[in-house]
Structures are given as C-alpha cells and as structure tokens.
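The residues making up each chain are set out below.
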Amino acid sequence: MRQNLATAREAFGGALMVVVKAGAYGHGLEEIAKALATEQLAFFGVANVGEARRIAGAGVSTPIYLLGATWAEEREEIVARNWVPCISSMAEAEHFNRLAAAKGKCLKVHLAVDTGMGRGGFLAEHLKVQIGELDGLKNLEIEGIGSHLPSADEDEDFTQGQFRDFRALVDVLGGTERFKWRHLSNSAGLLGYEQGICNLSRPGLMLYGVSPFPGFQERLATVMTLKSRVTLVRTLPAGHGISYGRQFVTERPTRVATIGIGYGDGYPRHVSGKGGEVWIRNRRFPILGRITMDQIMIDVTAADEIQEGDEVEMFGPHLPVAEVAEKAETIVWEIFTGITPRVLRCYKA
Ligand SMILES: *Cc1c(COP(=O)(O)O)cnc(C)c1O
C-alpha cells in the first residue's frame, strides 16, 4: 500500500486524502489508518461518523474528512472533535455554524458541489448566489471546495467538462486563493486526467492495488490476498453431481478438492458457473458447480500433488481480483468491501 501511495503521489503531485471508508475497502480501518498515520496525509476520508470515531479511537491524529452528508444529531460531536464535514446546503451550514458558535469555536468545512454525481453538494448556480450568505457564517471556516466524478473511468468528455466547470466555479467564487483545498478526483480522476486547479486528490481503489484503468495496473502492487485451504480431496465417479442444484455433473472420474471458503466469507456466489478459478501451488484450477456458503469444490484431476491442507489463493498476486469481479458481474470495490468479518485479516508489517 505504501508503494501505491508513492505512485499516487508521483502521479498527482499535490496533497492526498486517503479514502478509508467501508473499513478501508475491507482491508481493516484501524490497521490501515495506523499504518498510514505518519505518511503526512492531508486527510483520511471516511463515509460517516461511525468510521470517524473508529479512527480517532485508534489514536490516529490525521485530520478526518466526512465524505457523506451528516445527520443533524451527529453534528455536535463533529464540531467537538473537529472532523471536517462537506456541506451541501445552507441549512446544514447554518446548523454547523450555530453549534460551533455555542462552543465558541470556528469549524473548518468544505463546500461540496454537485457537478454531475447527483448524490450531494450545492448546484453551482445556487452556490454562486449563496456564497455571500455562507461567508457571513462567522463560526465556519470554508477551507475547501470539492466535487465528485461519476464516470471518470467511462466518459472522458463528460469528466473533462467537470474539471472545466469546477475551475469556472472556483474562479467565480473568488479564485484559487480563496480555498486552501480544491479537490475533484477519485482514483480514475487522478490517473486519467490533468488536475487543473486541484491541489488535493481523494484516491481509494488504486491505493488498495487496483487501477480503474487496465493500463495503469502494472504500476500498482497487490495489497489484499484472499486465501483459504484445501479441506478434503476425493475422487468421484462419472455422473456424480457437484453442489446445490447439481448444475455440474462429472463426465469422467474426477478428483475433487473442497476448499473451506464460500459466499459467507464474501467470495461472490455469482461466480458459480462462470468459469471461475483458484490458484494452488503455481497453477489454476476450475471451480465446479455452485459456490456454497462455506465451501467451494474444484477439479484437481491429474494434479496428484494437491493435498488436504494446501493453501489456496482465491484472488491476489496470481489471480487478479478484477477477474473475480468480472466473473461475478460486479466491481472490485464490491468484492473488497464484501469480505466478511469471518475472514481473519493478517497483516505483514
Ligand atoms: C469513494 C470515494 C472516493 C474514492 O474513489 P475510488 O474510485 O475508490 O478512488 C473519492 N471521493 C469520494 C467522494 C468517494 O465517495
């Protein structure tokens, strides 16, 4: 992950907010936050107050930025703990201002702008009108402005337009000097585009070793490897069904290995019947039949060396997680965040 962070720094040039939402994309929120606590990051980006508490509880003092909108009842704690919210409306701004005034402090906030994501933020037209009123809120310090890219890995023209609109908006609001932090990019935005006036980027996925563009993949190192073990090896006769629904039936005597992992661990059930593979002792073996909650069967016919207890790579350096996501007809983000608590996380420091 440190290597990927260095790659992000080199590609971007500016400051970084490392996105650690959803338990650092399933990698372990506290562990990742602690590991990167000394990396001179501008922020850790979290989804909500629950995640902010966990980082603070781990004794990490890197500033915390809340990527999502906040609920009114959470705001007093946000003010008290100096977490940095992004503001999407006058009502939110006024509420934060009142709470900060009551505590006799000035809260740092960022303005969120909706340049096309449709999930939160001010519309640019409204912000141009409301900026005067926002400036009048004396217990808020507007230290940043940000927006989000919905299709940086799919629609280059639209994304270029967002960079242009963002710059134009910042110019109207008073220029770059007015905002200490200006940010637009996720991983795809960081890797694929000129950054214009942005001096902060918010990468997530690429830091966990996966590029949203295949072309950059070789510059990134695998972070998470999902492993299990062979629990049984048996030879079944021809005509024997394997797994629920008996959608796979052996055509020949088949040496079948059972692996102790399933969709209850977050290995996607949708890989069933899609030609999924696993990696054992330097080669791939095909998955047979449906993925069950706790066990998966594979064909190890003619691989006499495979034994009970053998380590199995479900994805990792030899079997890209992107391949598993594609077979499951989903995205890598969902695979990572779907690895359940049953899977023991082991860290190499
Ligand atoms: C999740 C998220 C990111 C990180 O996106 P990646 O594609 O994983 O790099 C950045 N910004 C915001 C607002 C997000 O919600």
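In what follows, the accompanying structure is described. (Residues numbered from 1 in each chain as written. Predicted model: local features only at pLDDT ≥ 70, side-chain atom pairs only at ≥ 80, totals over all residues. Heavy atoms only, no water.)

**Quick look at the site of the ligand**
Around the ligand sit 13 residues in total, of which Lys 21, Tyr 25, Ser 187, Gly 204 and Leu 205 are the nearest. A distance of 2.8 Å is found between an oxygen atom of the ligand and a backbone nitrogen or oxygen belonging to Gly 204. In the environment of the ligand, an oxygen atom lies 2.8 Å from a nitrogen or oxygen atom belonging to the backbone of Leu 205. Within the complex, the protein chains bury 92% of what would otherwise be the 390 Å² of accessible surface of the ligand. Classifying every residue of the shell around the ligand gives 6 nonpolar, 4 polar and 3 charged. (Near = heavy atom within 4 Å. Polar contact = N/O pair within 3.5 Å; in protein donor to acceptor, adjacent residues only side chain to side chain. Areas by Shrake-Rupley, 256 points an atom, 1.4 Å probe, with all protein chains shown as cover. Nonpolar A, V, L, I, M, F, W, Y, C, P; charged D, E, K, R; others polar.)

**Looking at the pairing of strand S2 (residues 43-46)**
What you see with S2 is no split at all: Phe 43 and Gly 45 on one side and Phe 44 and Val 46 on the other are buried throughout. When S2 meets strand S3 (residues 64-66), the two strands line up parallel, connected through 3 bridges. From the neighbouring strand, Val 46 faces S3, where its bridge partner is Leu 66. Taking the sense of rotation as the criterion, the β-α-β connection linking S2, helix H4 (residues 49-57) and S3 turns out right-handed. (Buried < 20%, exposed > 50% of the residue type's maximum accessible area, 1.4 Å probe, protein only. Helix = DSSP H or I, 4+ residues; strand = E, 2+ residues; numbered from the N terminus. Pairing = 2+ DSSP bridges. Right-handed = clockwise from strand over helix to strand, strands pointing away.)

**Overview of the packing of aromatic side chains**
Under the definition given, this model contains 6 aromatic pairs. Arranged with centres 4.6 Å apart and planes meeting at 20 degrees, the rings of Tyr 25 and Tyr 208 form a pair that is stacked. Residue Tyr 25 is located in helix H2 (residues 21-25), and its partner Tyr 208 is located in the loop between strand S9 (200-201) and strand S10 (226-236); the two are separated by 183 residues in the primary sequence. For Tyr 25, a relative accessible area of 6% corresponds to the buried category. Look at Phe 43 and Trp 181: their rings are 6.2 Å apart centre to centre, the planes differ by 70 degrees, and that puts the pair in the edge-to-face class. Highlighted residues: Phe 43 in strand S2 and Trp 181 in strand S8 (residues 181-183), separated in sequence by 138 residues. Neither residue differs from the other here; Phe 43 and Trp 181 are each classed as buried. Through a chain of ring-to-ring contacts, three or more aromatic side chains come together here, namely Phe 43, Tyr 65 and Trp 181. (Phe/Tyr/Trp six-rings, centres within 6.5 Å; stacked < 30°, edge-to-face > 60°.)

**A look at a negative patch on the surface**
A surface patch of like charges, here negative, comprises Asp 153, Glu 154, Asp 155, Glu 156 and Asp 157. Take Glu 154: it is sitting in the loop between strand S7 (140-147) and helix H8 (156-172). Among the residues examined, Glu 154 registers a relative accessible area of 70% and is labelled exposed. (Patch = residues over 30% accessible without salt bridge, like charges linked within 9 Å, V, L, I, M, F, W, Y side chains within 5 Å. Salt bridge = Lys/Arg side-chain N within 4 Å of Asp/Glu carboxyl O. Lys, Arg positive; Asp, Glu negative; His and termini not counted. Charge placed at Lys NZ, Arg CZ, Asp CG, Glu CD.)

**With respect to helix H1 (residues 2-12)**
Every buried residue of H1 is accounted for by Asn 4, Leu 5, Thr 7, Ala 8 and Phe 12. Viewed end-on, H1 has its buried residues packed into an arc of 160 degrees, placing them on one side of the element. The inward-facing, buried residues of H1 contact strand S1 (15-19), helix H9 (187-192) and S9. With its phi angle positive at about 90 degrees, Gly 13 sits one or two positions after the end of H1. (Arc of directions from axis to C-beta. Contact = heavy atoms within 4.5 Å.)

**Remarks on the environment of Ser 243**
Looking at the secondary structure, you find Ser 243 in the loop between strand S11 (241-242) and strand S12 (248-249). Accessibility expressed as a relative area gives 18% for Ser 243, which makes it buried. Separated by 48 residues in the primary sequence, Ser 243 and Ile 291 place their C-alpha atoms 7.6 Å from one another.

**Points about helix H7 (residues 124-135)**
Its 12 residues place the ends of H7 16 Å apart at the C-alpha level, agreeing with the 16 Å of an ideal helix rising 1.5 Å per residue. Where H7 is concerned, the buried positions are Leu 127, Ile 131 and Leu 134. When H7 is viewed along its axis, its buried side chains cluster within an angular range of 80 degrees and face the same direction. Seen from the buried face of H7, the exposed residues on the opposite side, beyond 90 degrees, are Glu 125 and Val 129. Buried residues in H7 make contact with helix H6 (90-102), strand S5 (107-114), strand S6 (122-123), S7 and H8. (Expected span 1.5 Å × (residues − 1).)

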